Amino acid sequence: MAAKLKIVYSVEPDAAGLARRAAQYFAEKCAGAAAAHGRVRVAISGGSTPKATFGLLADPGQPWRAQMPWDKLDLWWVDERSVPPDNADSNYRMTREAMLDKVPLKPEQIHRMEGELDPTEAAARYEMELRNGFGLRDQELPRFDLLQLGMGPDGHTASLFPHTAALHETNQLVTANHVETVKDSWRVTLTQPVINNAADVFFLIGGQDKAEILKEVLLGTVDRERLPSQMIAPASGILTLLLDKAAAALLPANGEGGMGTIERI
Ligand code: 6PG
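Notes on the structure follow. (Residues numbered from 1 in each chain as written. Predicted model: local features only at pLDDT ≥ 70, side-chain atom pairs only at ≥ 80, totals over all residues. Heavy atoms only, no water.)

### Details of the overall build of the chain
For clarity, the threshold we go by: Strands here mean DSSP runs of E at least two residues long; helices mean DSSP runs of H or I at least four residues long; both are numbered from the N terminus. Radius of gyration means the value over C-alpha atoms here, while the globule rule gives 2.2 Å times the residue count to the 0.38 power. Exposed residues in this analysis have more than 50% of their type's maximum accessible area, buried residues have under 20%, and partly exposed residues fall in between, with area computed by a 1.4 Å probe over protein chains only. Every residue pair with non-hydrogen atoms within 4.5 Å of one another is taken to be in contact. The accessible surface values rely on the Shrake-Rupley method and a 1.4 Å probe; as for residues, cover is taken only from the protein chains in view. Asp and Glu count as negative and Lys and Arg as positive, but His and the ends of the chain are not part of the count. Taken as the charge centre is NZ of Lys, CZ of Arg, CG of Asp or CD of Glu, depending on the residue.
Helix and strand content of the chain: 7 helices and 12 strands. Relative to the compact-globule value of 18 Å for 265 residues, the chain shows a C-alpha radius of gyration of 17 Å, a close match. Overall size of the chain, expressed as C-alpha extent along the three principal axes, is 45 × 45 × 35 Å. Within the span of the chain, comprising 265 residues, buried residues form 55% of the whole. Considering only residue pairs separated by 6 or more positions, the chain has 75% of its internal contacts joining residues 24 or more positions apart. Total accessible area computed for the chain in this model is approximately 11400 Å², and 51% of it derives from carbon and sulfur atoms. Computed over 28 positive and 35 negative side-chain charges, the inter-centroid distance for the chain is 5 Å.

### Comments concerning helix 1 (residues 15–37)
Stated formally: For a helix, the expected span equals 1.5 Å multiplied by the residue count minus one.
Helix length check: helix 1, at 23 residues, gives a terminal C-alpha distance of 33 Å against a target of 33 Å (1.5 Å per residue), a fit within 8%. Looking at helix 1, one finds that the buried residues are G17, L18, A19, R21, A22, A23, Y25, F26, A27, C30, A33 and A34. Just beyond helix 1, the residue with positive phi is G38, at close to 75 degrees.

### Topic: the packing of helix 2 (residues 50–58) against helix 4 (residues 91–98)
How we decide: Orientation is described by axes fitted as lines to C-alpha atoms, over the contacting stretch for helices, and by angles from 0 to 180 degrees between their N-to-C directions. For any helix crossing, the convention is left-handed if the near helix is rotated counterclockwise from the far helix by under a right angle, and right-handed if that rotation is clockwise. All residues other than Ala, Val, Leu, Ile, Met, Phe, Trp, Tyr, Cys, Pro, Asp, Glu, Lys and Arg, Gly among them, are scored as polar; the first ten of these are nonpolar and the last four charged.
Relative orientation of the contacting elements helix 2 and helix 4 amounts to 35 degrees, with a least axis distance of 8 Å. The two elements helix 2 and helix 4 meet at a crossing, and its hand is right-handed. For the pair helix 2 and helix 4, the contacting residues are K51, F54, G55 and A58 in the first and M94, T95 and A98 in the second. For the contact of helix 2 with helix 4, the class distribution of residues is 4 nonpolar, 2 polar and 1 charged.

### As for the site of the ligand
For clarity, the cut-off: We call a residue near a molecule or strand when any one of its heavy atoms sits within 4 Å of it. Polar contact criterion, stated in full: a pair of N or O atoms within 3.5 Å, where within protein one must be able to donate a hydrogen and the other to accept it, and residues adjacent in sequence count only if both atoms are side-chain atoms.
For the ligand, the set of nearby residues contains 16 residues, the closest of which are S48, T49, D79, A158 and K210. Take G150: an N or O atom from its main chain is 3.5 Å from an oxygen atom of the ligand. Separating an oxygen atom of the ligand from a side-chain N or O atom of H156 is a distance of 2.7 Å.

### A word on helix 2
Along an α-helix, residues three or four apart share an orientation, since each turn contains 3.6 residues. Three or more residues of helix 2 are buried, namely P50, T53, F54, L56, L57 and A58. Close packing links the buried residues of helix 2 with helix 1, strand 2 (40–44), helix 3 (63–67), helix 4, strand 6 (146–149) and strand 9 (201–205).

### Looking at the sheet that holds strand 4 (residues 79–81)
By way of backbone hydrogen bonds, the strands of a sheet pair with one another, either parallel or antiparallel. Where we set the bar: At least two bridges found by DSSP between two strands is the condition for calling them paired.
Across the sheet, 3 strands lie side by side as 4-8-7; this open sheet has antiparallel pairing. Edge positions in the sheet fall to strand 4 and strand 7 (174–179), since each of these pairs with one other strand and no more. For this sheet the average axis-to-axis angle between neighbouring strands, irrespective of direction, equals 20 degrees. With 6 bridges connecting them, strand 7 and strand 8 (residues 185–190) associate as antiparallel partners. Across the sheet, residue T175 finds its bridge partner in strand 8, namely T189. Across the face of the sheet, helix 5 (residues 119–134) comes into contact with strand 7 and strand 8 while running at roughly 155 degrees to strand 7.

### A word on the pairing of strand 1 (residues 6–12)
Most of strand 1 is tucked away, with 6 of its 7 residues classed as buried. Relative to strand 10 (residues 238–244), strand 1 is paired through 7 bridges, and the arrangement is parallel. Bridge pairing in strand 10 places Y9 opposite L241.

### Structural notes on the environment of R224
When you line up the elements, R224 lands in the loop between helix 7 (211–219) and strand 10. For R224 and F161, which are 63 residues apart along the polypeptide, the C-alpha to C-alpha distance reads 10.0 Å. If sequence neighbours within four positions are ignored, R224 has contacts with L167, Q230 and M231. At 3.3 Å, the side chain of R224 and the backbone oxygen of Q230 are in polar contact.

### Comments concerning the pairing of strand 8
Within strand 8, 5 of the 6 residues are buried, which leaves the element mostly enclosed by the surrounding structure. With 3 bridges joining them, strand 4 and strand 8 adopt antiparallel strand pairing. In the strand pairing of strand 8, D79 is matched with T189. Count of turn residues in the strand 7/strand 8 antiparallel hairpin: 5 residues, of which K183 carries a positive phi of about 55 degrees.

### A word on the packing of aromatic side chains
Any two aromatic rings considered together are summarised by their centre-to-centre distance and by the angle between their planes. What counts is decided by this rule: Side-chain rings of Phe, Tyr and Trp (the six-membered ring for Trp) are treated as a pair once their centres are within 6.5 Å; stacked means planes under 30 degrees apart, edge-to-face means over 60, and tilted covers the remaining angles. When the NZ atom of lysine or the CZ atom of arginine is within 6 Å of a ring's centre and also within 35 degrees of its normal, the charge is said to sit over that ring.
In this structure the tally under the stated criterion is 8 aromatic pairs. Both rings, one in F26 and one in F54, keep their centres 6.2 Å apart while their planes meet at 65 degrees; by these two values the pair is edge-to-face. Note that F26 is positioned in helix 1 and F54 in helix 2, a separation of 28 residues in sequence. Pair check on accessibility: F26 and F54 agree, each one buried. One aromatic cluster in this structure is built from Y25, F26, F54 and F202. Of note, R112 hangs over the ring of Y92, and the distance from its end group to the ring centre comes to 5.6 Å.

Structure follows, in structure tokens:
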């Protein structure tokens, strides 16, 4: 029987408050990891929610830029769309515009998924880069110090979409995934074992369009094929959610749920 997952969540009043909370979370966790072992390896998601947070991390007028251990940081991606890096749908482009162009990361610290390539080739190349970057042997999994996820209104996370092949990929570290329901597109994504092996996994979720799905994922029956976000159960036993009031509107203060013990912090 798997150990009970402890889900802790905080609720900010609005989108701006959520972005600030997430910037603080990034800065605290990254500074802590860098202090503890001299470097910090972070994997980030794309979509729209993280953009405001990335902007705050890059903003010299905000406290978090100075707190971030940029010189000790390696930045990786959780997933990418199979598009070139200058495409409007590119997670890399979003991150570059919001943050990378404004912070002192060297090119070798930025590990981009090559969306411009055939997705299977891009996945294989990223897997090789992970193996090299983390010095992995055989079946070893990379352990990110911090891994940020989002959640789609269909319950997907990373590019683990409902009823897609990537949900069942547990041998590869990175896989290509065909997503018929989203522009019949291809994606490249970290697989569930890699995500769950991270030392600290947190969801960043905001907006009223996520309230229903968040309630279903956390409190509904477990159906990982239909609600892939339910696959996220970090080895640490703790899953953190940073939410805004709109997204958390249907959650209880505390209580048992489909995914585990839920506790508001
Ligand atoms: C992506 C993301 C994806 C995202 C969710 C939520 O490539 O789109 O990695 O998993 O986190 O779709 O996206 P929003 O933040 O835009 O709601």
